[in-house]
Amino acid sequence: MTAIRPAATLALVRDSDRGLEVLLLQRTWKAAFLPGYFVFPGGAVDTRDPQVRACASGRDDAAVSQTLSLDEGGADYMIAALRECLEEAGLLLALDGQGQPVPGDHPILTEGREVLRGEEVGFRELCERHGLSLPLDRLAYVGHWVTPPGAPRRFDTRFFVALAPPGQQASHDGSETIAHAWLTPAEALADHRHGRLALGYPTLRTLRLLAEFRDAEALLRHAHANPPTPRPSRPWPARKGGADWQVEPDAPAYAEVRRLDPHRHGTAHAEIMPGRAVALVPGVTRVTAPNPGVMTGPGTNSYLLDDGRDHVVIDPGPADPEHLERLLALAGGRLSRVLVTHTHIDHSPGAAWLKARTGARLVGLPPPPGASQDATFAPDHRPRHGERLDTPAGPLKVLHTPGHASNHLCYLLEPARLLFAGDQVMQGSTVVINPPDGDMAAYIAALHALGQEAFDTIAPRPRLPHRRGPRRHRLPGDPPPGAGAQGGPCPGVPRAGEPRGADPLCL
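Residues numbered from 1 in each chain as written. Predicted model: local features only at pLDDT ≥ 70, side-chain atom pairs only at ≥ 80, totals over all residues. Heavy atoms only, no water.

Draft legend 1. Spotlight on empty space enclosed by the protein. Enumeration over the complete set of coordinates arrives at three cavities of 30 Å³ or more. There is about 70 Å³ of room inside the largest cavity. If you trace the largest cavity, you find 13 residues lining it, with Asn301, Tyr303, Asp315, Gly422 and Pro460 closest to the centre. Residue composition of the lining of the largest cavity, grouped by class: six nonpolar, five polar and two charged. (1 Å grid on protein atoms, 1.4 Å probe; cavity = no way out; pocket = protein on both sides within 12 Å on 5 of 7 lines; lining within 4 Å. Points joined across faces, edges and corners; volume = space filled by probe spheres on them. Nonpolar A, V, L, I, M, F, W, Y, C, P; charged D, E, K, R; others polar.)

Here it is as structure tokens:
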């Protein structure tokens, strides 16, 4: 079994006339891991880093460990980040005996850096020799990534952000790193999007966080006040197969049972059953159709939005009378509209049936040609990208997301930050892109656009038992999943605005 090594990385930021900038280093093309990629300074925690706690100031190990949800040793991650920053970028966030920042001409940034890199002297001895302290209270904790199983190297990496020390000049080391750049987060993200800058997924996630702030003060104030949510470590009680069940943190059902049963009463179900009504958030109920299969998993998810007076269905599924009668019963026989995400035959054929019974208006885009399409779907309203639809659960933002199907739509319930994803995101498998109507380039572009929307919960294709949650599509040039300190779990939607250190929940 591959051992998991603790590691740390530090995003140094500064204010400029162009806005907030962050330092990125380019790894050598000879590197075994992420060759040529741009990363933040960082690396593994050294066995001697705990000795450097004697030089720390501002916060002690107990306080830092509490922030990082550790029993002890949290300060070692911050110390490693500062040490690696000196070695790789020639920058050191430290204070002299008068409490002043280390100036740009201080010998520790030149001679000290070289003897540290050559392992001629340890970090503690170097700091003590120059009478320097390491202000750990200047570092804010912003992310936690663990390399998933299967990778040849695995790291438990903590991400930090801090204000770059004034008066010092960054310089790459010429061996592990071959270039450096100060970029605004928006510039770095745009360069990556256009293929000019290779970035690992955790770096992307961190840059998207930084991009939300205009200056360093606002960023650091937010980061210090909002550390990442601790990763779950204990099973959650639930029901499965009619019996009590313990859902492990890595299981697909974990996020749902934890959200639906926050007080651990063991009442939430750890399996999807056709016909069962599951209240996801106020005004939103999920009912799964009885059409299980290789392509449909446990069955198509239909969603009922209601406020007791008005009722709207999203994705009625196949024309299965039992399923559709169940939806009607929950709606008291009244529906004003039926929305579809796309017209594949497992999603929309029930729409015509419901319209015939209730007079509901059909909302969606007409079907393209093809045997897999529901040719009977005739929308009464064709929503535009960005249009907002009033529903009993709140406004729905319409998002055109072609790729899986040319007429695919997602619906974002903005008050609940809940995305009805149709087949744009699946929990338990990747999405099928079947030409000619399916288009991988359009799908990837739609994923990136979706990543700019504000949501923290996804209502996707049902989860599949004993499979991991959604994963990001790997593209040519992507690193192996999680293969090192800057690697980590890759969720299906590259996006901003989600809780830091956690992927969006799938319900």
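Draft legend 2. Geometry of the side chain of Arg83. Along the polypeptide, Arg83 turns up in helix H2 (residues 74–89). Judged by its relative accessible area of 7%, Arg83 is buried. Contacts of Arg83, omitting those with residues within four sequence positions, involve Ala44, Val45, Asp46, Asp49, Leu116 and Phe123. (Helix = DSSP H or I, 4+ residues; strand = E, 2+ residues; numbered from the N terminus. Buried < 20%, exposed > 50% of the residue type's maximum accessible area, 1.4 Å probe, protein only. Contact = heavy atoms within 4.5 Å.)

Draft legend 3. Representation of the environment of Gly299 within the structure. Mapped onto the elements of the fold, Gly299 is located in the loop between strand E13 (284–288) and strand E14 (301–306). When the C-alpha atoms of Gly299 and Ile272 are compared, they prove to be 8.5 Å apart, with 27 residues separating the residues in sequence.

Draft legend 4. Structural context of the nonpolar core. In this structure, Leu10, Leu92, Phe123, Leu134 and Phe160 are the most contacted members of the largest nonpolar core, which totals 42 residues. Here this core takes ten residues from H2, the largest share from any one element. Sequence-distant contacts of Leu92, defined by excluding residues within four places in its chain, comprise Leu82, Leu86, Val102, Ile108, Leu109, Phe123, Leu132, Leu134, Pro165 and Gln168. Counting 27 residues, the second largest nonpolar core, distinct from the first, contains Val142, Leu204, Leu207 and Ala223. (Core = buried A, V, L, I, M, F, W, Y, C linked by side-chain atoms within 4.5 Å.)

Draft legend 5. Layout of helix H7 (residues 216–225). Those residues of H7 not exposed but buried are Ala216, Leu219, Leu220 and Ala223. Down the axis, H7 shows its buried residues gathered within 90° of arc, on one side only. The exposed set on the far side of H7, more than 90 degrees from its buried face, consists of Glu217, Arg221 and Ala225. As for H7, its buried residues are in contact with strand E1 (4–16), strand E2 (19–27), strand E7 (140–146), strand E8 (154–163) and helix H6 (201–210). Capping the start of H7, Asp215 holds a side-chain oxygen 3.3 Å from the backbone nitrogen of Glu217, two or three residues further along. (Arc of directions from axis to C-beta. Polar contact = N/O pair within 3.5 Å; in protein donor to acceptor, adjacent residues only side chain to side chain.)

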